[in-house]
Amino acid sequence: MTEFEPKIVAFLCNWCAYRGADLAGTSRFHYPPNLRVIRLMCSGSIDVVYVLKALLDGADGVLIGGCHPGNCHYQNGNYKAMRRVQVLKNVLRQVGIDEDRVWLRWIDASEGKLFSETVAQMVAELRAKGPGSMRTSWQLWQETAGCQLSGTEARSSK
Amino acid sequence: MKVEAVPKAEEGNILEASRDFLGKLLREGVVDYLLVPMEISHGRTVVQTLVKEPAHLDKANPFSPVMPISSAAIVSQLTIDKPEERLGAVLKPCEIRALIELVKLGQARLENLVIIGVDCLGTYEVEDYARLIDEMKGTAEEKGMQVLADMRQHIAEPDTKPLPVPLRSACKMCNSFTPVLADITLGLFGGENVISVNLESELVEKLGVEVKETADRQKSITQLVDSRTQTREQVFAEFREKTKTIVGFADCLDTCIRCYACSAACPICYCRVCFFRTDTFEPESGRYYRWVDQEGALRMPTEILLYHLTRLNHVALSCCGCGVCESACPRGLPLTTIFQAVGDGLQKALNYVPGRSLEEEIPLATFKETEV
């Protein structure tokens, strides 16, 4: 059996993480080809809906790469990204999705080495975890068993 | 300084006493307009009504145990462009909390607003309330009074005086049913068949109220807080047990038709244009076929989980527990439980309580440079 290869969707900011990826390439640093990169102008421009969309549609992990704190091209976009990811991870944990499949990392334009190491590490960890729980959403809906939570009687009288 | 008082009015008729008090607010120029729940359809339901003439308050029922919508959104409409008019808005505690969140989001203004908070005994589903009124005898006024009297009795003796129909699930688990951050409070807890008011002392003479502490008010509140908190914890524990896996979470949403009624009803779903109502996630038909080519089968409409998880991320921090999402849901999905339970976990993690104070910023709308 071939080894499980995780699919990662990477949202990289134009000024730091994406250029870090570029530098990794020009510097010939190798990293596993599991990444689908989406370039953004800023990590702060990402809405969680896109991270969720990736996870729910079968990505095994999502990497969000931004500038180091203090280095944001737009002053503070990365701080905003950080809060959003913090909320996202909390919500994921509470609804039974593995929050460790979402990575937020600060990677500078000069850190090609760090970029390749980050990807290698993420791929290794996701390989160990196995496929994400959302790989086939149809299967998930077939497993649902309906829901009767207490406290909802007023509604069922409708 | 705020003082406790009682309006001088006919003994026993709490609706008349509250209308009289609200009328004085208009007549004495404390406010120019009032937004207040008004009975329509012979008392079978209420609608929020904007009133200028005190004479039109004859059907006002500030304590109505039914809440077709959260009025926070209406107050947003009436205050967002900083009007000159001074508005008094009669709001339930959860509506005030939602309003405070909207103010922080820049979607409502407090400058010319007097918040008249009311003690909330809980609310029934709109359909249940109408049925309840239909089955009772007497005038609309008598029925309205009787419903409130029954609820007060139930709160005093929960074991021997059951409610005729269950409260909305949001109200069953609500443990903050007295107004916070109201300028004037109309109180129902404690006392015998009277209402109390809590207001700035300079208004006492103007409005002709009598300064007086209400007996047992705090005790009555504490008792109900305790029992509601217990229910709340139970509901949360059950939900958390269920949602240890994503399948359990999907269970709670299995019959969702993605009609967006929950987001339309939600007072704090704050985007002016929701991207679920744009074509962002409605691609050309071919995309669905390519999608199903990979998966083998595809639930239609798609994106049920995406929609609810996105809404959780956007609003759970500010969720005030009004439960109008669940009441609006044609499928009766347990949305209050989902948003309150996840909201509770999130709010605790970020040390944030929605509607608690104006100074506290919504964690998603701010950051600290020291927090990295």
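The structure presented is a predicted model; accordingly, all values stated were derived computationally and were not measured.

So, empty space enclosed by the protein
A full pass over the atoms with the stated rule returns six cavities of 30 Å³ or more. Estimated volume of the largest cavity: approximately 170 Å³. Residue lining of the largest cavity: 16 residues in total, with Ser137(A), Trp141(A), Glu303(B), Ile304(B) and Leu305(B) positioned closest to the centre. For the lining of the largest cavity, the per-class residue count stands at 10 nonpolar, two polar and four charged.

Regarding helix 14 (residues 335-349) of chain B
Residue and element names in this part refer to chain B. The terminal C-alpha atoms of helix 14 lie 21 Å apart, and with 15 residues this matches the ideal 21 Å at 1.5 Å per residue to within 8%. Buried residues dominate helix 14, accounting for 13 of its 15 residues. A positive phi of about 50 degrees marks Asn351, the residue just after helix 14.

Notes on the state of the cysteines
All names here are of chain B. For the structure shown, the criterion picks out zero disulfides over all chains. Cysteine Cys320 is unpaired, with the sulfur of Cys319 as its nearest cysteine sulfur at 6.5 Å. On the basis of relative accessibility, which here comes to 9%, the residue Cys320 falls in the buried class.

Overview of the domain arrangement of chain B
Residue and element names in this part refer to chain B. Parsing chain B into structural domains produces domain 1 (2-231) and domain 2 (233-365). The distance between the C-alpha centroids of domain 1 and domain 2 comes to 29 Å. On the domain 2 side, the residues contacting the 26 residues of domain 1 number 27 residues. Carbon and sulfur atoms supply 59% of the area buried between domain 1 and domain 2, which totals about 2300 Å² over both sides. Applying the counting rule to domain 1 against domain 2 returns 19 residue pairs in polar contact (both at pLDDT 80 or more).

Topic: the pattern of salt bridges
A side chain of one charge can pair with a side chain of the opposite charge if their charged atoms are brought near each other. Across all of its chains, the model carries 22 salt bridges over all chains by this definition. The partner of Glu303(B) in a salt bridge is Lys53(A), and the shortest N-O contact between them spans 2.4 Å. Remark: Lys53(A) occurs in helix 2 (residues 48-56) and Glu303(B) occurs in the loop between helix 11 (285-295) and helix 12 (304-315); the pair is interchain, linking two chains. This pair shows no difference in class: Glu303(B) is buried, exactly as Lys53(A) is. Notably, a salt bridge pairs Arg93(A) with Glu99(A), separated by 2.5 Å at the nearest N-O pair. Take Arg93(A): its relative accessible area is 49%, and that puts it in the partly exposed class. Overall, Glu99(A) belongs to the buried group, its relative accessible area being 19%. What you see here is one network of salt bridges that share partners, running through Lys53(A), Asp57(A) and Glu303(B).

Concerning the nonpolar core
Nonpolar side chains in soluble globular proteins tend to be buried together. Residues and elements named next belong to chain B. Formed by 87 residues in total, the largest nonpolar core has its most connected members in Leu99, Phe249, Leu305, Leu309, Leu312, Leu335 and Ile338. No fewer than three residues from each of domain 1 (2-231) and domain 2 (233-365) sit in this core. Not counting chain neighbours up to four residues away, the residues in contact with Leu335 comprise Leu253, Cys262, His308, Cys325, Glu326 and Cys329. Core analysis: the next-biggest nonpolar cluster, separate from the first, contains 52 residues, Ile116, Val118, Val197 and Val209 among them.

Procedures and definitions
Residues numbered from 1 in each chain as written. Chains lettered and ligands numbered in written order. Predicted model: local features only at pLDDT ≥ 70, side-chain atom pairs only at ≥ 80, totals over all residues. Heavy atoms only, no water. 1 Å grid on protein atoms, 1.4 Å probe; cavity = no way out; pocket = protein on both sides within 12 Å on 5 of 7 lines; lining within 4 Å. Points joined across faces, edges and corners; volume = space filled by probe spheres on them. Nonpolar A, V, L, I, M, F, W, Y, C, P; charged D, E, K, R; others polar. Helix = DSSP H or I, 4+ residues; strand = E, 2+ residues; numbered from the N terminus. Expected span 1.5 Å × (residues − 1). Buried < 20%, exposed > 50% of the residue type's maximum accessible area, 1.4 Å probe, protein only. Disulfide = S-S within 2.5 Å. Domains from an automatic or database assignment. Contact = heavy atoms within 4.5 Å. Buried area = accessible area lost by both parts, 1.4 Å probe. Polar contact = N/O pair within 3.5 Å; in protein donor to acceptor, adjacent residues only side chain to side chain. Salt bridge = Lys/Arg side-chain N within 4 Å of Asp/Glu carboxyl O. Core = buried A, V, L, I, M, F, W, Y, C linked by side-chain atoms within 4.5 Å.

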